[in-house]
Amino acid sequence: AGQKFWSGQLDEMRQMASQAQVVLAAFLADHWRRGAASSYTPWLEVVPKDYPSCPTLWMKDQLRCLAATEEFDVVVDKQKRWLEEYQTLLHFVPGLRDISYADFARARVAVESRTHGVVFGEPPVEQTAFVPFADLMNHNATFSALWKSERTGAQQGFRVTVQGGAKLGSP
C-alpha cells in the first residue's frame, strides 16, 4: 500500500513540474523568437539553444545506440510527452503556432537545466522559476555564487550569496 501511495505522489509531482516547465518553455521559445526585441536578451544570449548530448532531442536513427538500455524507453516516453505538450500548447495558445516543435523541445531542455525552485506563498509552496540574474552569475568554470530559495520568518525569497565578494567585471 505504501509503494502505491508514493508512486501516485511521484506521478502527481511529475505532472505539476511538467505544467510549469511547459509554460516556461513556451515563454523561452517565444522570447528566443523575439530576438533582440526581448527584454531578456542579455540572459537569452547565454542560454544554450543546442544540446547535442541530450537524447530527448535525438532522432530515431540516433536513438538506436540506446536500444538495448532502459534509458531508451524513458527517452522515447519523454519525447512523446513533449510532443503532446507542444500540440496542446498550440491548440490553446494560437499565438505560438509559429514556434516549431524543435524550438519548443530545445526550450524544454533549457528549462530542465535553467530553472530553480523558489518558495513563496502562504502556505509556502515551491514553484519552478527562471532566475536569470542568478543564472548569469555561474557561466564559467569557477563559479562565484551560491543560491537557494529560503523562508525566514515572514520573509521568503531567493537568496544569492557571492562567496568572498565580487569585483566589478569579474567572471
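Residues numbered from 1 in each chain as written. Predicted model: local features only at pLDDT ≥ 70, side-chain atom pairs only at ≥ 80, totals over all residues. Heavy atoms only, no water.

**Focus on the confidence of the model for the protein chain**
Per-residue pLDDT for the protein chain has a mean of 81; in total, 75% of the residues score no lower than 70. Ranking the elements of the protein chain by mean pLDDT puts helix α6 (residues 132-136) last with 70 and helix α5 (residues 101-114) first with 93. (pLDDT = per-residue confidence, 0-100. Helix = DSSP H or I, 4+ residues; strand = E, 2+ residues; numbered from the N terminus.)

**Description of a negative patch on the surface**
On the surface, a cluster of negative charge is contributed by Glu70, Glu71, Asp73 and Asp77. The residue Glu71 is located in helix α4 (residues 70-92) in this model. (Patch = residues over 30% accessible without salt bridge, like charges linked within 9 Å, V, L, I, M, F, W, Y side chains within 5 Å. Areas by Shrake-Rupley, 256 points an atom, 1.4 Å probe, with all protein chains shown as cover. Salt bridge = Lys/Arg side-chain N within 4 Å of Asp/Glu carboxyl O. Lys, Arg positive; Asp, Glu negative; His and termini not counted. Charge placed at Lys NZ, Arg CZ, Asp CG, Glu CD.)

**A closer look at the nonpolar core**
Leu28, Trp32 and Val47 are the most contacted members of the largest nonpolar core, which totals 25 residues. The set of elements that each furnish at least two residues to this core consists of α1 (2-34), α2 (41-44), α4 and α5. At seven residues, α1 tops the list of elements feeding residues into this core. Excluding residues within four positions of it along the chain, Trp32 makes contact with Leu44, Val47, Pro48, Lys49, Asp103, Arg106, Ala107 and Ala110. Formed by five residues, the second largest nonpolar core is a distinct cluster that contains Trp58, Leu63, Val75 and Val76. (Core = buried A, V, L, I, M, F, W, Y, C linked by side-chain atoms within 4.5 Å. Buried < 20%, exposed > 50% of the residue type's maximum accessible area, 1.4 Å probe, protein only. Contact = heavy atoms within 4.5 Å.)

**Thoughts on the pattern of salt bridges**
Once the charged atoms of two side chains with opposite charge are near each other, the side chains can pair. With the rule as written, the count across this model stands at seven salt bridges. In this structure, Arg34 and Asp30 form a salt bridge, with 2.7 Å as the shortest nitrogen-oxygen distance. Note that Arg34 and Asp30 are positioned in helix α1 at a spacing of four residues, about one turn of the helix. Linking Arg106 and Asp103 is a salt bridge whose minimum nitrogen-to-oxygen distance equals 2.2 Å. Placement of both Arg106 and Asp103 in helix α5 is noted, with a separation of three residues, approximately one turn of the helix. A single salt-bridge network, built from bridges that share partners, covers Asp30, Arg33, Arg34 and Asp98.

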